[in-house]
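Chain by chain, the residues run as shown.
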Amino acid sequence: MSLGGGGGGGQMQEIQQQIEAMNAEVESIEGEIQDLRDEQSEIDEATEAIDTLEDDDTVQVPLGGDAYVRASIEDMDEIIVSLGGGYAAEHEQDDAIDTLERKRDSIDDRIEELQEEVSEVEAQIQDLEQQAQQMQQQQMQQMQQQMGGLGGEEGGDEE
């Protein structure tokens, strides 16, 4: 019987490892979702700036390394929007906002896909946890039966 118990322990360990890996996957996906939400916030800020800024307004332009320079806007109809993959395109004000809103919608779709993925992984984790509980219960029952069987045999010898 000790081989069966060892096998059960091995299965329990395997299930625990799977649960830990899935929890790590959930954390990773949730981190990706947070990054996408941060990107959406930046898009919202850019859209608001495009809506409110006018020619000759003064803005602070990031240079990198948390350094900024003041600059005067020459023409709000010449807005350069990143298209991704290292490419950018110049747009008029309304077109720039439309491009940013499409980008935001695309991010919304990706967030939704990732949230569904999190739900699926969490459901798998629940299934594995239920399997582990069932295995523990079975092991407890086997131990109780063995203990009861030992006690019954001893009692049978005394009669």
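Just above sits the structure.
What comes next concerns the included structure. Predicted, not measured: the structure shown is a model, and the values here were computed from it.

Reading the values: rules and limits
Along each chain, residue indices are assigned from 1 in the same order as the chain's sequence is written. Note on the predicted model: pLDDT of at least 70 is required for a residue's local features to be given, and 80 or more for side-chain atom pairs to be given and counted; whole-chain, interface and lining totals, by contrast, use all residues. Side-chain calculation: all heavy atoms of the structure are included, whereas hydrogens and water are not. Note on definitions: salt bridges are taken to be side-chain nitrogens of Lys or Arg within 4 Å of carboxyl oxygens of Asp or Glu. By the criteria applied, helices consist of DSSP H or I runs no shorter than four residues and strands consist of E runs no shorter than two, each listed in order from the N terminus. When accessible area is computed with a 1.4 Å probe and restricted to protein chains, residues below 20% of their type maximum are described as buried, those above 50% as exposed, and intermediate ones as partly exposed. Contact between two residues is taken to exist if any of their heavy atoms lie within 4.5 Å; hydrogens are not considered.

**Topic: the pattern of salt bridges**
Where side chains of opposite charge bring their charged atoms close, a pairing between them can arise. Applying the stated criterion across every chain, the model contains four salt bridges. We note a salt bridge from aspartate 44 to arginine 104, for which the minimum N-O separation is 2.6 Å. One end of the pair, aspartate 44, is in helix 1 (residues 2-52); the other, arginine 104, is in helix 2 (residues 93-158), and 60 residues separate them in sequence. Residue aspartate 44 is classed as partly exposed on the basis of its relative accessible area, which comes to 34%. Here arginine 104 and aspartate 108 are joined by a salt bridge, their closest N and O atoms 3.6 Å apart. Placement of the pair is arginine 104 and aspartate 108 together in helix 2, with a separation of four residues, close to one helical turn. For aspartate 108, a relative accessible area of 31% gives the class partly exposed. Taken together, the shared-partner salt bridges connect Glu32, Arg110 and Glu113 into one network.

**What about the side chain of threonine 99?**
As for its placement among the helices and strands, threonine 99 is situated in helix 2. Threonine 99 gets classed as buried once you look at its relative accessible area, which sits at 10%. Excluding anything up to four places from it in sequence, threonine 99 contacts Val81, Leu83 and His91.

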